[in-house]
Amino acid sequence: MKGLGLAGAGLGAAAATTPVFHDMDELTSSGTKARYPWWVKERDYFDTVCRIDWDMLERGSSEVMQSIFDENGNNIGTLAGAYYGENQKVGVSAGDPPLAGTTVSVGQDKLMEYDAMYVDYARSKYSDYEYPLLKDQALAAAVNMRTYKYQHPLWGGTECFLGTRFSPTPQDLGVPKWEATPEENLKMIRAAFRYFGASEVSVTELTEQTKKLIFLDQRSQKPNHQYHKILAAKAGFPKGLPFQKLVFEDIDDAYVTSDQTKCAIPNKCKWVINYSVQQAPQTTKRFNPLQNAGTDMGYQEAAIIENRIQEFLWSLGYQGLEGGTAAISPSGAFSTLGGNGEPCRMGMCQLSPLHGNMMRAQNTMITDLPLEVTKPIDFGAMRFCRTCKLCAQNCVYEALSLETEPTWDVTGYWNNPGYEGYRINAFKCVRCGSCMAACPFGSFSVSHASVHPLVQLVSSETPIFNSFFRGMADVFGFDKIQKTETWWDSEQPIRGIDTSIGIH
């Protein structure tokens, strides 16, 4: 028991921290209706598990979220891996983090160094590891082919700020637009999102405070492949689409200027929908490129969901304004406020009470459809992060904090100030997925589904056992990535996910 972290933790101590329920009515009313299991607590509006200083927050540029590209227009990852050659100067000193959105020359030796670091990490788990298998690469490449179809309309695709708007509106049909109560509308929009493939759906009111979480600008599609650069050039944008200013105006209908430099948001659009897509845990628990196939599938599915929901709202007589993942706001901000999940040590990720960290995109859509607002939640995830640290310990590139307590401090210009949490060093992160594979909230659901609800329940109510569950990860190896070959040899569920999760 000492190895599991229970030494000295008697039953009396556990009982002292465990809530007492007097009858079944009290127990069943302690959670959030039918949205989550009873042990997930609702908090008051704006009372999130991470403290927020709204006076510190200001609207920032989405440029800090963009990727770095090499001289051929290829995506290097995020900020990590972008280094200057000896004679390369791009506005900052050699060795400093490059400015987001800039084009830099990447030394082949540095890219090889990053690859070697990952291979060493993999071989520390399996001495016979081979990287990469061709079929793994092929699967990851096939997942990303979705991108060419669902892109900005200038490129013949559909992922954009306004949506396609192909369908007739109620006015076109000579009938009144859809009218219902905010509660009924929330039920309707959740049903539509889940039918189209979303896992979590929440709503936050757009106020003067929460507008601070909307970027000052966006680029609705980031050119992350040479092919994208060619398409953009044909549309008159040789370096990719320009950043578009996001401006709130007293207008009825949103619009984008013909030169693609401004997106206008009607002030009557007062609701923000945040949604995510369930990620396949079995690919996430393998080495890259299978890990990337798991994460990328979520982002590709989210783009299709976005387009369908925009068309759904348009057909009802309303607007849905977005532009892709992290296009108009940071991914996790509205997820936290609306109760889709809790912030965690991984920084850019959230933890869901239903899916752990197996939730991707966390996309934000602004609408004028009146919706009931959902509340933040607390199921003990961020408290668990204080004890756990597995994700940071498994980070090959040391991009995650190992400090026990969250902080108000930022690690660079890519971080937002104004909240107390764990922040990622985006200059070091290459989005390899090792942190997600190591996280117990995702790992329990991969191979120990029967244990997962118990872990979530107990850690939400009795934090004294957090060290015990962290110890279980060490003893049973929940953080250990599995060989890719075992995925090909196994029978996987459709799209690699359990779609029964979340059904009540």
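Residues numbered from 1 in each chain as written. Predicted model: local features only at pLDDT ≥ 70, side-chain atom pairs only at ≥ 80, totals over all residues. Heavy atoms only, no water.

Draft legend 1. Quick peek at the overall build of the protein chain. When its secondary structure is counted, the protein chain shows 18 helices and 12 strands. Here the protein chain holds 504 residues, and the buried ones make up 52% of them. In the protein chain, the proportion of contacts linking residues at least 24 apart, taken out of those at least 6 apart, comes to 76%. For the protein chain, the exposed area adds up to about 22200 Å²; of that, 55% sits on carbon and sulfur atoms. (Helix = DSSP H or I, 4+ residues; strand = E, 2+ residues; numbered from the N terminus. Buried < 20%, exposed > 50% of the residue type's maximum accessible area, 1.4 Å probe, protein only. Contact = heavy atoms within 4.5 Å. Areas by Shrake-Rupley, 256 points an atom, 1.4 Å probe, with all protein chains shown as cover.)

Draft legend 2. Inspection of the environment of tryptophan 414 at higher detail. Relative to the elements of secondary structure, tryptophan 414 occurs in the loop between helix H13 (390–393) and helix H14 (434–438). Relative accessible area serves as the criterion here: at 10%, tryptophan 414 is assigned to the buried category. Put simply, tryptophan 414 and isoleucine 424 are 10 residues apart on the chain and 8.9 Å apart in space, counted from C-alpha to C-alpha.

Draft legend 3. Main features of the side chain of glutamine 279. Locating glutamine 279 in the fold gives a position in the loop between strand E7 (271–278) and helix H9 (281–284). Residue class for glutamine 279 comes out buried when judged on its relative accessible area of 0%.

Draft legend 4. Expanded view of the packing of aromatic side chains. Going through the model one piece at a time under the given rule, you end up with 5 aromatic pairs. Consider the rings of phenylalanine 46 and tryptophan 54, whose centres lie 5.6 Å apart with planes at 90°: the pair is edge-to-face. A relative accessible area of 36% places phenylalanine 46 in the partly exposed class. For tryptophan 54, a relative accessible area of 10% gives the class buried. Considering the side-chain rings of phenylalanine 193 and tyrosine 275, the 4.7 Å spacing of their centres and the 40° angle between planes classify their relative orientation as tilted. Highlighted residues: phenylalanine 193 in helix H7 (residues 182–196) and tyrosine 275 in strand E7, separated in sequence by 82 residues. Judged by its relative accessible area of 0%, phenylalanine 193 is buried. A relative accessible area of 0% places tyrosine 275 in the buried class. Across the ring face of phenylalanine 248, the terminal group of lysine 211 is positioned such that the distance to the ring centre comes to 4.4 Å. (Phe/Tyr/Trp six-rings, centres within 6.5 Å; stacked < 30°, edge-to-face > 60°. Lys NZ or Arg CZ within 6 Å of the ring centre and 35° of its normal.)

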